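# Architecture at a glance
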Amino acid sequence: MRLSVVVPCYNEESGVELFDAKIRETLDLLPVEYELCYVDDGSSDATLERLRGLAEKHVGSTRYVSFSRNFGKEAGMLAGLREATGDAVVLMDADLQHPPELIVRMLELFSRGHDQVIARRTREGDKFVRSTVSRLYYRMVNKWVDVELTDGVGDFRLLSRRAVDALLSMPEYNRFSKGLFSWIGFDTVTFDYRNAARAAGETKWRFGALLNYGIDGLISFNNRPLRMGIHLGLALAGLAGLYAAWVTVAAVVGGVTAPGYVTLIVAIVGLGGLQMMMLGLMGEYIGRIYYESKRRPHFLVKETNVPPSTFSGPDS
Ligand code: UDP
Ligand code: MG
């Protein structure tokens, strides 16, 4: 049995060597052949040099790919999955927030025939605001989206070869992994672990990035938000009709005075805002069509130690 571990790294110079040492400690004890597939996501620090060093130190069990610029974690994971050759692939972060020991548990569950083994982190130790917002977000998303997304479930998971192949068969440019993982299905099992603090460096997520990620999650999988726009429009038009009838009756019965300045402004601003939002929403979908239709590669490789024959995919 061969195991691949895919690790996207962005500016992880301070942590990647520690990560490598720790993960090998765990993997060396397991009855598997393994390879580590690092992806340098266009880091601006010395991550690439560190990876070159690791590849020299552990010839044969280290693969790395380095992007021409930062393409984002999704692209990093995609590259790693393409490059991985194992019968099972574990996806994990380079900051040791995903405890390497858990791979033992994952393999055990894998050997019982599960295709996706998910490690779900508990939100202990998270900032209160962040965890509350997350919880609300997932409740909302699950109402709207066709695929099931779970709070605390990230990218830390083991995938069987056929699950990996299923993921790779999805060519979309706009990749929202949480949704893709859920969309492919297969026999899935989840277990909990306690969240660990970052070993070194700092998180690359800013509030804006999280917000955009959230929007991606909502609209990557269906057009239900557009349908909701139609419903909202219908409801507002209905209310406007009722209001018009009421005003007419009131004018006939009580004569015309000229109040209603506040009502007018509120209506104009409120409707304007709603229209902007719906326009933005439509624009978002059209933008996606635009990006998909360009059929650009998900990433460009600057340097790799993976032989070209094994590193292939629809993009390369
Ligand atoms: N990462 C990446 N490209 C990016 C941002 C992050 O490859 O543009 C990697 C990062 O190096 C780490 C993982 O994705 O291995 C998770 O990032 P981070 O720890 O910053 O996210 P958090 O744990 O705070 O959600
Ligand atoms: Mg992290």
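Parameters and conventions
- Residues numbered from 1 in each chain as written.
- Chains lettered and ligands numbered in written order.
- Predicted model: local features only at pLDDT ≥ 70, side-chain atom pairs only at ≥ 80, totals over all residues.
- Helix = DSSP H or I, 4+ residues; strand = E, 2+ residues; numbered from the N terminus.
- Buried ≥ 20, exposed ≤ 12 C-beta atoms within 10 Å, placed from the backbone.
- Contact = placed C-beta atoms within 7 Å.
- Core = buried A, V, L, I, M, F, W, Y, C linked by C-beta atoms within 7 Å.
- Axes fitted to C-alpha atoms, helices over the stretch in contact; angles between N-to-C directions.
- Parallel < 35°, antiparallel > 145°, perpendicular 65-115°, else oblique.
- Left-handed = near helix turned anticlockwise from the far one by under 90°.
- Nonpolar A, V, L, I, M, F, W, Y, C, P; charged D, E, K, R; others polar.
- Pairing = 2+ DSSP bridges.
- UniProt positions renumbered as here; feature names shortened; annotations may be inferred.
- pLDDT = per-residue confidence, 0-100.
- Right-handed = clockwise from strand over helix to strand, strands pointing away.

### Re the overall build of the protein
- When helices and strands are tallied, the protein shows 10 helices and eight strands.
- Here the C-alpha coordinates of the protein stretch approximately 90 × 40 × 35 Å along the principal axes.
- Residue burial in the protein is summarised as follows: out of 316 residues, 28% are buried.
- Of the contacts formed within the protein by residues at least 6 apart in sequence, a portion of 86% connects residues at least 24 apart.

### Describing the nonpolar core
- Judged by nonpolar contacts, the single largest core of 50 residues is most densely connected at Val5, Val6, Val7, Val89 and Val90.
- Beyond its immediate sequence surroundings of up to four residues, Val90 is in contact with Leu3, Val5, Ile103, Met106 and Leu158.

### Notes on the packing of helix H9 (residues 224–254) against helix H10 (residues 261–294)
- Where H9 contacts H10, the two axes come as close as 10 Å, and the packing angle between them is 155 degrees. On the basis of their axis angle, the class for H9 and H10 is roughly antiparallel. When the axes of H9 and H10 are compared, the crossing they make is left-handed. Contacts from Pro225, Leu226, Gly229 and Leu232 in H9 reach Leu274, Met278, Leu281, Met282 and Tyr285 in H10.
- Taken together, the residues that form the contact of H9 with H10 break down as eight nonpolar, one polar and no charged.

### Considering the environment of Arg50
- One can find Arg50 in helix H2 (residues 47–57).
- Residue class for Arg50 comes out buried when judged on the 23 C-beta atoms lying within 10 Å of it.
- Taking the C-alpha atoms as reference, Arg50 lies 9.2 Å from Glu12; in sequence the two are 38 residues apart.
- For Arg50, the residues in contact, after removing those within four places along its chain, are Glu13, Val16 and Glu17.

### Topic: the sheet that holds strand S6 (residues 153–160)
- If you trace the eight strands from one edge of the open sheet to the other, you get S7-S5-S6-S4-S1-S2-S3-S8, paired in mixed fashion. The sheet is open, and its two borders are formed by strand S7 (188–194) and strand S8 (301–304), each paired with just one other strand. Put simply, the sheet's adjacent strands are angled 20 degrees from each other on average, direction ignored.
- Pairing of strand S2 (residues 33–40) with strand S3 (residues 62–67), which is carried by five bridges, proceeds in the parallel orientation. Bridged to Asp40 within S3 is Ser66.
- Docked against the sheet, helix H4 (residues 102–111) engages strand S4 (88–91), strand S5 (116–122), S6 and S7, running at close to 145 degrees with respect to S5.

### Re the UniProt feature "transmembrane region" (unreviewed entry) in the protein
- Those residues carrying the UniProt feature "transmembrane region" (unreviewed entry) are residues 232–255 and 261–286 in this numbering.
- The straight-line gap between the two end C-alpha atoms of residues 261–286 is 37 Å; of that span, 100% is helix and 0% is strand.

### A short note on the confidence of the model for the protein
- With 91% of its residues at a pLDDT of at least 70, the protein reaches an overall mean of 84.
- The complex model carries a pTM of 0.75, and its ipTM stands at 0.93.

### Here we look at the packing of helix H1 (residues 16–28) against H2
- Relative orientation of the contacting elements H1 and H2 amounts to 30 degrees, with a least axis distance of 10 Å. Classed by the angle they form, the pair H1 and H2 counts as roughly parallel. Across the interface between the two elements, Val16, Glu17 and Asp20 from H1 touch Thr47, Arg50, Leu51 and Leu54 from H2.
- Taken together, the residues of the contact of H1 with H2 break down into three nonpolar, one polar and three charged.

### Observations regarding the pairing of S3
- Within S3, six of the six residues are buried, which leaves the element mostly enclosed by the surrounding structure.
- Across the two faces of S3 the burial is the same, with Thr62, Tyr64 and Ser66 and Arg63, Val65 and Phe67 all buried.
- For the handedness criterion, the β-α-β arrangement of S2, H2 and S3 is classed as right-handed.
- Of the strand pairs in this sheet, S3 and S8 are connected by three bridges, and their pairing is antiparallel. Bridge pairing in S8 places Phe67 opposite Val301.

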